[in-house]
Amino acid sequence: MSALEQDLADYLQLRRSLGHEMAEARWLLPGFVAYLDTRGASTVTIEAALEWAQQSPTGQPTTVGPRRMTAARGFARYLAGIYPGTEIPPLGLMPHRQRWRRPFIYSTADIEALMGRARILIRSPLRAATYETLVGLLAAGGLRIGEAIKLDRRDIDWSESLLLIRESKFGKSRLVPLHSTAMQALSTYAQLRDELEPRPEEPSFFVSQTHRRLCYAVVCQTFRQLVDAAGVGVGAPSAPRLHDLRHTFAVRTLLSWYRTGEDVQAKLPWLSTYLGHREPASTYWYLSAAPELLALAAARQNAGWTAVRS
């Protein structure tokens, strides 16, 4: 173990002891330390952090760079108290650029293909079942991936078919009802999990190969592998993302309401509450998220104006 590897182990242990999960840093920073060791660097410099953060296997810019820089900055702050020559990358060096992109709306066949690929490609029976069930839950319940990862066993009310989402985004908690078929899928997974992993280290509903809670960065990487293997979204203007499963749930719900003649405007607050949005305005965004949905909304509005004029 190199000196920096030991420093990293000490840093992660310290942060976890203070209550920080450090899931993404635990996944990203070993690569940064390996990069520094390869360069013969004894500590972090701004130049090294920037070069490492900008590395991309495809040569295309990704959101990984800013996340790498955030992880490197935190590690550098820790090292600055040990090595006087440590340079802390300034905020804004690699900012997260927020831009609107049209979501990829998964078809039923797309979702079934992803779940099928998890069964075929992942050798570990428990890990395969974990990702198959996780994809199904995100599609059926519209959860954020962080909410699904944070689920504990005690958060599932089997008798009432409810999930308790605790202190999610904006610090809000909510109850999420699920269809009986989704609950049956969760029950089947729970039985297999308890059989193959009877003594996990954490109370999380979904369990990783390390006997602990799933890591967001690893989930994203595995999901990308499943998407590529299944050929989902090939040639699409926007590449499929994990979060697009949540978008798909919202868009499908709205499409169903329009097609069945429901009062969508009256029901939008219901969907907003179900999704855990801070305000209904966030839910209105979905009205323009898919061409078919936008066309239905426009047709409904035109019909209303025609009725008023007549």
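This text gives an overview of the structure that appears in the document. Quick caveat, the model's predicted, so the values are computed rather than measured.

In spatial order, the strands read 1-2-3; together these three strands make up an open sheet with antiparallel pairing. Looking at which strands have only one partner, the edges of the open sheet turn out to be strand 1 (156–157) and strand 3 (174–177). Across two bridges, the pairing between strand 1 and strand 2 (residues 162–165) is antiparallel. Counted as the bridge partner of D157 is L162 from strand 2.

On to the pattern of salt bridges. Taken as a whole, this structure holds 16 salt bridges when the rule is applied. E24 is the partner of R67 in a salt bridge, and the nearest nitrogen-oxygen pair spans 2.9 Å. One end of the pair, R67, is in helix 4 (residues 64–80); the other, E24, is in helix 2 (residues 23–39), and 43 residues separate them in sequence. A salt bridge links R213 to D152; its shortest N-O distance comes to 2.8 Å. Taken as a pair, R213 in the loop between helix 8 (180–196) and helix 9 (216–230) and D152 in the loop between helix 7 (145–150) and strand 1 lie far apart in primary sequence, 61 residues in all. Per residue, the accessibility class of R213 equals that of D152, and both read buried. The network of salt bridges with shared partners includes D152, D155, R166, E201, E202, R212 and R213.

Quick look at the side chain of K267 now. Relative to the elements of secondary structure, K267 occurs in helix 11 (residues 264–275). Overall, the relative accessible area of 17% leaves K267 in the buried class.

This part is about the packing of helix 10 (residues 244–259) against helix 11. Running from N to C, helix 10 and helix 11 cross one another at 155 degrees; their axes reach a closest spacing of 11 Å. Accordingly, the angle class assigned to the pair helix 10 and helix 11 is roughly antiparallel. As helix 10 packs across helix 11, the resulting crossing turns out to be right-handed. Counting all contacts with helix 10, which are made through R246, F249, A250, T253, L254, W257 and Y258, the residues of helix 11 involved are V264, K267, L268, L271, Y274 and L275. Looking at the contact of helix 10 with helix 11 residue by residue, the classes come out as 10 nonpolar, one polar and two charged.

Here R199 lies in the loop between helix 8 and helix 9. When its relative accessible area of 70% is taken as the criterion, R199 is described as exposed.

Under the 1.5 Å per step criterion, the end-to-end length of helix 2 is 26 Å for 17 residues, consistent within 8% with the ideal 24 Å. When we look at burial in helix 2, the residues that qualify are A23, A25, L28, L29, F32, V33, Y35 and L36. Where the residues of helix 2 are buried, they touch helix 1 (3–17), helix 3 (46–53) and helix 4. Within two residues after helix 2, G40 carries a phi angle of roughly 75 degrees, on the positive side.

For S161, which is not glycine, the phi dihedral falls at a positive 55 degrees. Within the element layout of this structure, S161 appears in the loop between strand 1 and strand 2. Phi is positive for H211, which is not a glycine, with a value near 70 degrees. With respect to the helices, strands and loops of the structure, H211 is situated in the loop between helix 8 and helix 9. Relative accessible area serves as the criterion here: at 33%, H211 is assigned to the partly exposed category.

Cut-offs and rules
- Residues numbered from 1 in each chain as written.
- Predicted model: local features only at pLDDT ≥ 70, side-chain atom pairs only at ≥ 80, totals over all residues.
- Heavy atoms only, no water.
- Pairing = 2+ DSSP bridges.
- Helix = DSSP H or I, 4+ residues; strand = E, 2+ residues; numbered from the N terminus.
- Salt bridge = Lys/Arg side-chain N within 4 Å of Asp/Glu carboxyl O.
- Buried < 20%, exposed > 50% of the residue type's maximum accessible area, 1.4 Å probe, protein only.
- Axes fitted to C-alpha atoms, helices over the stretch in contact; angles between N-to-C directions.
- Parallel < 35°, antiparallel > 145°, perpendicular 65-115°, else oblique.
- Left-handed = near helix turned anticlockwise from the far one by under 90°.
- Contact = heavy atoms within 4.5 Å.
- Nonpolar A, V, L, I, M, F, W, Y, C, P; charged D, E, K, R; others polar.
- Expected span 1.5 Å × (residues − 1).

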